[in-house]
Amino acid sequence: MTLVKNQLADLVKQAIQNAQATGALPPFDLPEVFIERPQKKEWGDFATSLPLKLARDAKRAPLQIAQVIAAHFPPSDAVARVEPSAPGFVNIVLNDAWVARQVDAILAEGARFGDLTPARREKIQVEYVSVNPTGPMHVGSGRNGAIGDTLANILVAAGHDVQREFYINDNGTQVRQFGASLFATYAQALGKDEPVPEGGYQGAYVVEMGKQYAQQYGDQYLQMPRAQAVRELGRLGIDSVLASLRATLEQMNVRFDRWFSERSLHESGQFAGVLKRLQDRGLVFEKDGATWFAAQALGEEKDAVLIRSPQVVAEPDERPTYLASDVAYVWDKLAVRQFDRAIYIWGADHHGDVPRVIAAARALGLDPARITILLYQFVTLRRGEQVVKMSKRTGEFVTLDELIDEVGADAVRFMLITRAADTPMDFDLDLAVKQSDENPVYYVQYAHARIASILKKAAEAGATGDGGDVTRLTHPAELELIRAMLRLPEMVELAASKLEPHHLPHYAIDLAGIFHAFYKQCRVVSSDPADAEITRARLKLVAAAKLTLARTLNLMGVRAPESM
RNA sequence: GCCCCCGUAGCUCAAUAGGACAGAGCACCUGCCUUCUAAGCAGUCGGUUGCGAGUUCGAGUCUCGCCGGGGGCGCCA
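Small disclaimer: the values here were computed from a predicted structure and weren't measured.

(A) Region of the structure containing the pattern of salt bridges. Per the stated rule, a full pass over the model turns up 28 salt bridges. With a closest N to O distance of 3.7 Å, K41 and E480 form a salt bridge. Taken together, the residues span a long stretch of sequence, with K41 in the loop between α1 (4–22) and β1 (46–48) and E480 in helix α18 (residues 476–485) at a distance of 439 residues. One salt bridge connects D510 with R487, and the closest N-O pair in it is separated by 3.2 Å. Residue D510 is found in helix α20 (residues 503–521), and its partner R487 is found in the loop between α18 and α19 (488–498); the two are separated by 23 residues along the sequence. Taking relative accessible area as the criterion, R487 reaches 19% and is therefore assigned buried. It is possible to trace a salt-bridge network through shared partners that takes in D45, D96 and R483.

(B) Here's a closer look at the side chain of R341. Tracing the backbone shows R341 in strand β10 (residues 341–347). Buried and without a salt bridge, R341 has E122 as its closest oppositely charged side chain, separated by 4.2 Å. Within the structure, R341 has its side chain in polar contact with the side chain of T372 (distance 3.1 Å). With sequence-adjacent residues up to four places away left out, R341 is seen in contact with E122, K123, I124, Q125, L334, R370, T372 and L499.

(C) Looking closely at the sheet that holds strand β8 (residues 290–293). The strand order across the open sheet built from three strands is β7-β8-β9, with neighbouring strands paired in antiparallel fashion. What marks the edges here is a single partner per strand, and that holds for β7 (284–287) and β9 (304–307). Across this sheet, the average inter-strand angle for adjacent strands is 45°, counted without regard to direction. Sheet topology note: the β8/β9 ladder contains three bridges and is antiparallel. Along β9, the bridge assignment pairs T291 with I307. The strands that helix α12 (residues 322–336) touches are β8 and β9; relative to β9, the one it contacts most, it runs at about 80°.

(D) Quick peek at the packing of aromatic side chains. Tallied over the full model, the rule gives 16 aromatic pairs. With 5.1 Å between their ring centres and 65° between their planes, F256 and W259 make a pair best called edge-to-face. With centroids separated by 6.0 Å and ring planes inclined at 10°, the aromatic side chains of F285 and W292 adopt a geometry described as stacked. Through a chain of ring-to-ring contacts, the aromatic side chains of F183, Y186, Y213, Y217 and Y221 assemble into a single cluster. One Lys or Arg, K123, reaches over the ring of F339 and ends 4.9 Å from the middle of that ring.

(E) Here's a closer look at the protein's contact with RNA strand B. Residues in close proximity to RNA strand B total 67 residues, the closest being R419, Y446, R450, S453 and K498. The protein-proximal atoms of RNA strand B, defined as those within 4 Å of the protein, are 66% sugar or phosphate. At 3.0 Å from a base oxygen of RNA strand B is found a main-chain nitrogen or oxygen belonging to R37. A distance of 2.9 Å separates a base oxygen of RNA strand B from a polar backbone atom of M564. When residues of the surface near RNA strand B are traced back to their parent elements, those giving at least two are α2 (50–58), β3 (89–94), α6 (173–189), β14 (425–428), α17 (440–460), α19 and α20. Looking at the surface near RNA strand B, the element that brings in the most residues is α17, giving eight residues.

(F) Just the environment of A361, in detail. Within the fold, A361 resides in helix α13 (residues 354–363). Taking the C-alpha atoms as reference points, A361 and D326, separated by 35 residues in sequence, lie 9.7 Å from one another. Once residues lying within four places of it in the same chain are set aside, the contact partners of A361 are V330, L366 and I371.

(G) Just the pairing of β7, in detail. Inspection of the sheet shows β7 paired to β8 by four bridges, in the antiparallel sense. By the bridge assignment, V284 is partnered in β8 with F293.

(H) Spatial organisation of the environment of N132. Summarising the element assignment, N132 is placed in the loop between β4 (123–127) and α5 (139–157). By relative accessible area, N132 is classed as partly exposed at 27%. Expressed as a C-alpha distance, the spacing of N132 and I168, which sit 36 residues apart in the sequence, is 7.0 Å. In terms of polar contacts, N132 uses its side chain to reach the side chain of Q174, at 3.3 Å. Of the polar contacts made by the side chain of N132, one reaches the side chain of Y322; its length is 3.1 Å.

(I) Summary view of the packing of α5 against helix α21 (residues 532–555). Where α5 meets α21, the axes come as close as 8 Å, and the angle between the chain directions of the two elements is 130°. As judged from the angle between their axes, α5 and α21 are oblique. Of the residues in α21, those touching α5 at T150, N153, I154 and A157 are R551, N554 and L555. The residue makeup of the contact of α5 with α21, split by class, is three nonpolar, three polar and one charged.

(J) Layout of the pairing of β8. Of the two faces of β8, the one lined by A290 and W292 and the one lined by T291 and F293 are each fully buried. Here β7 hands over to β8 after two residues, with D288 in that stretch at a positive phi of 50°.

(K) Just α19, in detail. What α19 keeps buried is the set L488, P489, E490, M491, V492, A495 and A496. Close packing links the buried residues of α19 with α1, β1, α5, α18, α20 and α21. Of the residues trailing α19, L499 is marked for its positive phi of about 55°.

Reading the values: the criteria
Residues numbered from 1 in each chain as written. Chains lettered and ligands numbered in written order. Predicted model: local features only at pLDDT ≥ 70, side-chain atom pairs only at ≥ 80, totals over all residues. Heavy atoms only, no water. Salt bridge = Lys/Arg side-chain N within 4 Å of Asp/Glu carboxyl O. Helix = DSSP H or I, 4+ residues; strand = E, 2+ residues; numbered from the N terminus. Buried < 20%, exposed > 50% of the residue type's maximum accessible area, 1.4 Å probe, protein only. Lys, Arg positive; Asp, Glu negative; His and termini not counted. Polar contact = N/O pair within 3.5 Å; in protein donor to acceptor, adjacent residues only side chain to side chain. Contact = heavy atoms within 4.5 Å. Pairing = 2+ DSSP bridges. Axes fitted to C-alpha atoms, helices over the stretch in contact; angles between N-to-C directions. Phe/Tyr/Trp six-rings, centres within 6.5 Å; stacked < 30°, edge-to-face > 60°. Lys NZ or Arg CZ within 6 Å of the ring centre and 35° of its normal. Near = heavy atom within 4 Å. Parallel < 35°, antiparallel > 145°, perpendicular 65-115°, else oblique. Nonpolar A, V, L, I, M, F, W, Y, C, P; charged D, E, K, R; others polar.

What follows is the structure, encoded as structure tokens:
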């Protein structure tokens, strides 16, 4: 479907060219025409402030330019009126009959309504969550997953080839540390006096896991060399944590195409190859026994360590830093797997790492414009006035699972994507639970369920929308509903181009509200034979509305229930 | 000290590339269920967009300074 606003932009362009041809406007280069949605209904369905921007080049007063554009506007069956408006807007009002006919167009598109055809179909990777697999997820990672998965859905709708990936941090010190903590709780479960090491993982879940391993494997890990037991328990622990992360994420409808192991970057020699490339470009040096990336040579503030020195870290496989993996990973994404774009969803606490990854990409000869690192701000968890501090090391936090249990997966996911990513979120658990009944997500889902109920009632009465004449839809509430549905493709375009999923839930609330108002004013299923035609038309209308709501909910990863 | 993000109604947040009189939900108050789901509808109340300058025809949005909150500046992960 071509976006209405793109068609209108073309018409505005033609109007200006027509005016220039007749001499009503002087010649000048046409800037890109932006069509916007005005805030007030009186200002029409669409508007452009182009005359205000054109005033200088056209050497005319803005309002006069608006008048000229309106007077030279080419005829279109979609447009009823074009009105100049002070101080220099052109307001465009759609033709109601054309609007009504879009119901048939929407129904024809079916579940694909909202899909776009991009100017260029790109191969895009979205990498999200990627939380350390050493414990349960907290709400922050939930925000990551909700944003990433929704964004991936949006990019698919926008016509791109999207791959969803979870990067598993299964390399280096933390695996051993996690393993050492598990070894301790495991040994404790078998009656040994074995304290959890300094800086180890302390949570109750570590104790739980230790007990479970003791039950499952007996004392076999006490029989082998300690270092081996620690390593094996570490990997075992990561695998079982990953399985539970996956279960939690699936509850929220967050899914992945691939789980990518950090360790594989080192085992496959990928990192070694990338290091060689950097060395060939003279961007690697040795200092104090460590191997450094010469980021300063690329304009960064500081150089950064790629491989720690043996004096500091004894185990060879624990020497590569996070940056080392990040450098190999970005190479893998853009050069090996050849994604056109790689989108990373990171917590704001990693913002300091952004310049180094970008610098590394440049150093490897990759175009940094292909990389987007989307930072989302922290979620502050409160219970009333009290801030809930979270730390995986101390094991003190509210898990995402607990939150989902209390509030529900749909509500959690909806709340987490409703705020713009760069807005720090305040999440009051008391309020969230209290308000879960009145959460906007239920308002939207309720609209969908209501339509399902109407269609069920209609089916029972033997009424269908087949052959309905949608041009009978002339009630203001009907037309407003159709106009609202027509905004879905624009929302997809907006959210995809700006990588801002939060527009979707706001649109959903809007659309649901307009449906509820329609529902109050216009009865769909009527037993009066005189209403047969309007009933048919309205059944088409609500079918289209149901489809539009369902699509919007699906894009957000939220269920569209048939009943509530 | 330096760097990044944020500050909008009592609360949680929107505001599409700088556009028109800054909008929703929650909370509060007033009405509305004999007909398709009242998890609903209609309405009331609520603002010096943290403060002060600047750029612009036009600033919540851009620039500078200040105030407040969060985060980051390791051979941690």
